[in-house]
Amino acid sequence: MPVKVEGRRIIRAPVQKVFQLVSRLDAAPRVTGLWLTADLVERKSNALTVHYRGYFAGLPVESIQRAMLHPPHRIEFRQSRGNLKAFRGQYQLKPIEGDTEISLTLEAEVGIALVSEEAARLVLHSFIEHSLEKFKLTAERDLPRVVRKAANVAAAKEAARPEGEEAVATPAEAGQASEGASTEVSPRKDGEGAPGPREARRKRPGAQAPGQPAGAKPGTEQPGGGTKRRRRRRRRRGGGGRGLGGPPSGSGPGRGGPGTGPPPG
């Protein structure tokens, strides 16, 4: 029973360029598990014959295929002689807004008892995916440098941006946003707004209040003369009697010292 597999890719290249790349079947991508070598047997204007050698599911096989070219949209090929019972396929190219959609369809009937239908499907699927990916990389390799650089920068920014963070606006978008914001700003009322420099210094922790000495600690009050008055009171307590001409501290009445008796009559 034949096995049919299909694959598609979008290539950022014109359809004419992709067709020229795919039509060189003798230089098609070599994929482990299928064809390893491809020798051109005959070439005509719209047809060519290629002799393939490789391994199908681990078994060595050979296949001579004849391809018909229908530029620039289709290439059909079919096995004319080989170890497989049947092998055919086609490339279909479709232009899409300057790019190219390429599809590869393969249909094979192995005819080997050791190769199951599932194994044949895996081999054909691997060949299709590797071939289309190789065509895509080769066709997009010669893109203009500006286009490739812009794509690489955008991809790098997207990869470096943390999850949940919004993308940064471009300069043009930022300019438009600033213009719109300037027209929507409401006038500020009197008394509202940011505090002045003096108020900021007063509210700032550790700042000195106006009129406070430079060496004083922040937050301490020193009214004029307060500290000096306390020092004067201490001095009066220590030597108040001597300074005012009164009796000494130890010569009061009833203490037995000189002058303790009643005055002479």
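Before reading on, note that the structure itself is shown above.
Structural notes, computed from the coordinates. For clarity, every value in this text was computed on a predicted model and none was experimentally measured.

## What to know about the pairing of strand β1 (residues 3–11)
On a regular strand, each side chain points to the face opposite its neighbour's, so the side chains alternate between the two faces of the sheet. Only one face of β1 is covered, namely the face carrying Val-3, Val-5, Gly-7, Arg-9 and Ile-11; the face carrying Lys-4, Glu-6, Arg-8 and Ile-10 is uncovered. Sheet topology note: the β1/strand β7 (residues 99–109) ladder contains nine bridges and is antiparallel. Within the sheet, the bridge partner assigned to Lys-4 lies in β7 and is Glu-107.

## A few points about the pattern of salt bridges
Working definition: two side chains of opposite charge can pair if their charged atoms are close together. Within this structure, the stated rule accounts for 14 salt bridges. The partner of Arg-8 in a salt bridge is Glu-6, and the shortest N-O contact between them spans 3.0 Å. Put simply, Glu-6, Arg-8 and Glu-101 are held in one network by salt bridges that share partners.

## Brief notes about the nonpolar core
Within the largest apolar cluster, 40 residues are counted, with the highest numbers of intra-cluster contacts made by Phe-56, Tyr-91 and Ile-102. Among the elements that make up this core, the one with the highest residue count is helix α2 (residues 117–139) (eight residues).

## A closer look at the pairing of strand β5 (residues 74–82)
As judged from the eight bridges shared by strand β4 (residues 59–70) and β5, these two strands associate in the antiparallel manner. In the sheet register, Ala-67 faces β5, and the bridge partner there is Phe-77. Linking β4 to β5, which pair antiparallel, is a turn of three residues. Alignment of β5 against strand β6 (residues 86–96), held across five bridges, turns out to be antiparallel. Of the residues in β6, the one forming a bridge with Phe-77 is Gly-89. Linking β5 back to β6 in an antiparallel pair, the connection comprises three residues.

## Focus on the side chain of Thr-49
Here Thr-49 lies in strand β3 (residues 47–56). Non-local contacts of Thr-49, meaning those with residues more than four positions away in its chain, are made with Asp-39, Leu-40, Val-41, Glu-42, Ile-64, Gln-65 and Arg-66.

## Here's the deal with α2
For α2, spanning 23 residues, the distance from its first C-alpha to its last is 33 Å, which sits close to the expected 33 Å at 1.5 Å a residue. Along α2, the positions that sit buried rather than exposed are Ala-120, Val-123, Leu-124, Phe-127, Ile-128, Ser-131, Leu-132, Phe-135, Lys-136 and Ala-139. On its buried face, α2 is in contact with β1, α1 (15–22), β2 (35–43), β3, β6 and β7.

## Quick word on α1
Owing to its 3.6 residues per turn, the α-helix aligns residues three or four sequence positions apart on the same side. Every buried residue belonging to α1 is among Val-15, Val-18, Phe-19, Leu-21 and Val-22, and all of these are buried. Angular distribution of buried residues about the axis of α1 spans 160°; they occupy a single face of the element. Residues of α1 that are buried sit in contact with β1, β4, β5, β6, β7 and α2.

Criteria and thresholds
- Residues numbered from 1 in each chain as written.
- Predicted model: local features only at pLDDT ≥ 70, side-chain atom pairs only at ≥ 80, totals over all residues.
- Heavy atoms only, no water.
- Buried < 20%, exposed > 50% of the residue type's maximum accessible area, 1.4 Å probe, protein only.
- Helix = DSSP H or I, 4+ residues; strand = E, 2+ residues; numbered from the N terminus.
- Pairing = 2+ DSSP bridges.
- Salt bridge = Lys/Arg side-chain N within 4 Å of Asp/Glu carboxyl O.
- Core = buried A, V, L, I, M, F, W, Y, C linked by side-chain atoms within 4.5 Å.
- Contact = heavy atoms within 4.5 Å.
- Expected span 1.5 Å × (residues − 1).
- Arc of directions from axis to C-beta.

Function-wise, these values are silent; they only describe arrangement.
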